[in-house]
Structures are given as structure tokens and as C-alpha cells.
Amino acid sequence: MTAAGASLLEGLAALEGEGLAAIREAGDPEALESARVDFLGRNGRLSDVMRSIAGVEPEVRPEVGQRANAVKTALSEALEGRAEHLAADVAAGPEELVDVTMPARRRWIGGVHPVTRVIDEICDIFSDLGFSRVEGPEIESVWYNFTALNIPLDHPAADTMDTFYLDDGVVLRTHTSPMQARVMEAYQPPVRVMVPGLAYRRDSFDPSHAPAFEQLEGLAVDEGIDFIEFRSSIQHFVREFFGKETKSRFRPAFYPFTEPSAEVDVSCTVCQGSGCSTCKRTGWITIMGSGMVDPAVFEAVGYDPERYTGYAFGMGPGRIAMVRHGIPDMRLLYEGDVGFLEQFS
Ligand SMILES: [Zn+2]
């Protein structure tokens, strides 16, 4: 064997190894075709070797030629096998290519908003005392929003609510109380209703205020309702909602549509009355405004104030949800951040 012949045989061995590797690694038909052109094409590496056979001594040509043909056969068979394998992958469709080791996508489960849940629970408790649940319009007339509730427009109480007018005499309701007047106009006593819904005021959006917020009101009117029934109903609610051990107290207050009026405090559910940041170190949290319905309201809706008495109360379910869950900023409740809200569902 001459030096030139030996060098050609070595080159063929290397060519065969590299060619088989390239074919094995071809991941799609394009890559496979590219490997075929590189090694077996008209100007490919095997053709180069074939052409140089003419330059070696005649006595070694047969051996080198045979070896070259063997390499060509091996590469051709490998190409065919690889092409079949790739075609089978394509025929199997994309399911075959799904990565089953990927983590599954979490199934979405909705939940009741913490404020809605507070409203539902409170309405349920009062439903045991005979209260039905009613809802009213959010766009309200000035008559129902102020006048019928004994709030003259030049009264200071109206100033704090003088807010989103849509037209002359039409306002986005500033409380859910207008529904009390509407119910009393439509029904004769006895009346016991809970009125949940959105109210609107020109308040800034800060940790303890929102320009649109949930309100929940209650109204009871009947013959012979006195302050004792009023107070015991509220105490029943406090124990049912905040817990049997929770204390409540009534503090004198002023509202135009009730007389006498009281703010209701409950003993802080976080510190049990010893003082913490939630109750501002007082041990008490104010949860509602309330009082005996002013006879002037009965007159405005056509009830006989000599015959009927009643009580009314209003609270902010958003604030109550904050107290219940220790939420420091009211805006969190209304920003619709699912990551935040999810923890309550
Ligand atoms: Zn406290």
C-alpha cells in the first residue's frame, strides 16, 4: 500500500463516521437533505474521494474503490432509515410531541368577594329577625336622596354628600337610604328590609375612603317598636356576626332622619378590647350609625307618625371586611387584584 492509498482509506473512514453522525443528528427532513448533499451530493465529500482515486497507483485503486462504494452504501442506507423515522414522527401528529413533564395549568376557581360575603352574612342574620332583602336604583332623584329623608339641601349634612349630579335633580345616590323611602311609599307597615348596594360620594380614593363604596342599611317599622327592641336586635346581630363574646355599646350621635340617633361600637375583635392599631388603642370599633326613625320621615312618606315607630341603621360592609380580615387599605378591596382577593375565596 502506498502512502497516497493509505491516506485515502483513512479519509474514507473519517468521512463514513462523520456522515453517519450527521445523518443520525438530522432533526427534520431539511437537515437530512443538507447532510445528503454534503456527503453524497455531486460535489459532496465522497465525490471528492472518488475523483482522487484516479491519482493513486493502479494496484491500490480496486481496494480504495471498493471501500468508497461500501461507504456510499452505508451512508445511503442510513439516510433512508433516518428519512423513514422522521416521516413517522410527522405522521404521528403533534400529540406525540407534547411535553408531558410540564406542570399542569391550574384550574381557575372563582370566589365570592369579601365585601359581598359580609353583605350576604349580615342579610342572613337579619333575615332570622324577619327582614327581607331589597335593592334600589343607583341613579336617584334629589327628592329621594335628600328631601324625603329630612335632609334639606342647605343643611350641613347635605354638604358632605353634595356630589355627583347627572342632571338637574338627578344624582348618583350618596347612600342606600333613598330605598327606605321607596319601600315605605310602596308598602304599609309592618316593614322590615335590608338594603345593600353601591353609594357614591366625592371622596378621594385613599386607605379609608372610596368614591364608590358598598353600603348596607336596615329599616324596621311597625306598631309598638321601641328602643329596647331596636337595641336588642342590634346586639343579636353583633353576637351572631362578630362572636358571642363581643360587646357592643351605643354612643349618642346625630343623623337627620333618626331621633334619637346612636353610633354603635363593638369591642375590638383583634385585641378583645385591650387596645391595638386596628381599634386605634381604644378597644372599640365603630360599625354603624343608627337610631329611631324621625317622625318627619314617616310624614314625608305618608305613614301615621302617631301610630308607627321604627328604627334604621346603616353600615359600611367594606370597613367591616377590613376589620374582619385585618386589611389595612380599603383600596385593596376595589382594585380587582386577583392575587389579593384569592386568599379570601
Ligand atoms: Zn383592638
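Note that the coordinates shown come from a computational prediction; the quantities given were computed from them, not determined experimentally.

S.K.: I tried to follow the pattern of salt bridges on my own but got confused; where do I start?
M.R.: Two side chains with opposite charge may pair up if their charged atoms get near one another. Inspection of the entire model under this criterion finds 16 salt bridges. Where Arg 307 meets Glu 223, a salt bridge forms, and the shortest distance between an N and an O atom there is 3.1 Å. Residue Arg 307 is located in the loop between helix H10 (295-301) and strand E10 (309-315), and its partner Glu 223 is located in the loop between strand E6 (212-222) and helix H9 (227-242); the two are separated by 84 residues in the primary sequence. The exposure class of Glu 223 is partly exposed, given its relative accessible area of 45%. When the shortest N-O distance is used, the salt bridge between Asp 265 and Arg 249 registers 2.8 Å. Pair noted here: Asp 265 is in strand E8 (residues 258-267) and Arg 249 is in strand E7 (residues 248-255), with a separation of 16 residues, a long-range link.

S.K.: Explanation requested: the packing of aromatic side chains in the structure shown.
M.R.: The way to describe two aromatic rings as a pair is by their centre distance and the angle between their planes. If you walk through the whole model with that rule in mind, you get 15 aromatic pairs. Ring centres 4.9 Å apart and planes at 75° place the aromatic pair Phe 241 and Phe 242 in the edge-to-face group. Comparing Phe 241 with Phe 242, the two get one shared label, buried. Among the aromatic side chains, those forming a connected cluster through ring pairs are Phe 126, Phe 131, Phe 227, Phe 230, Phe 237, Phe 241, Phe 242, Phe 250, Tyr 311 and Phe 313. Lying over the aromatic face of Tyr 144, Arg 182 brings its terminal NZ or CZ to 4.1 Å of the ring centre.

S.K.: Teacher, can you tell me more about the sheet that holds strand E4 (residues 170-172) here?
M.R.: Remark on secondary structure: sheet strands pair via backbone hydrogen bonds, oriented parallel or antiparallel. Pairing is antiparallel across the open sheet formed by three strands, whose spatial order is E2-E4-E3. Looking at strand neighbours, the two that pair on one side only are strand E2 (139-141) and strand E3 (165-167), the edges of this open sheet. The mean angle between the axes of side-by-side strands here comes to 40°, regardless of whether they run parallel or antiparallel. Pairing of E3 with E4, which is carried by two bridges, proceeds in the antiparallel orientation. From the neighbouring strand, Tyr 165 faces E4, where its bridge partner is Val 171.

S.K.: Help me understand the coordination of the zinc ion, please; the structure alone is not making it clear to me.
M.R.: Geometrically, a metal with four donors at the corners of a regular tetrahedron has ideal angles of 109.5 degrees, and one with six donors at the corners of a regular octahedron has ideal angles of 90 or 180 degrees. Those protein atoms acting as donors to the zinc ion are Cys 268 (SG), Cys 271 (SG), Cys 276 (SG) and Cys 279 (SG), and they sit at 2.2 to 2.3 Å. Given four donor atoms and angles of 106 to 114° at the metal, the environment of the zinc ion is assigned as tetrahedral. In the primary sequence, the donor residues of the zinc ion line up as C-x2-C-x4-C-x2-C.

Quick notes on the rules
Residues numbered from 1 in each chain as written. Predicted model: local features only at pLDDT ≥ 70, side-chain atom pairs only at ≥ 80, totals over all residues. Heavy atoms only, no water. Salt bridge = Lys/Arg side-chain N within 4 Å of Asp/Glu carboxyl O. Helix = DSSP H or I, 4+ residues; strand = E, 2+ residues; numbered from the N terminus. Buried < 20%, exposed > 50% of the residue type's maximum accessible area, 1.4 Å probe, protein only. Phe/Tyr/Trp six-rings, centres within 6.5 Å; stacked < 30°, edge-to-face > 60°. Lys NZ or Arg CZ within 6 Å of the ring centre and 35° of its normal. Pairing = 2+ DSSP bridges. Axes fitted to C-alpha atoms, helices over the stretch in contact; angles between N-to-C directions. Donors = N, O, S within 2.8 Å, 3.2 Å for Na, K, Ca; no water. Tetrahedral: all angles 85-135°; square planar, octahedral: opposite > 155°, others 65-115°.

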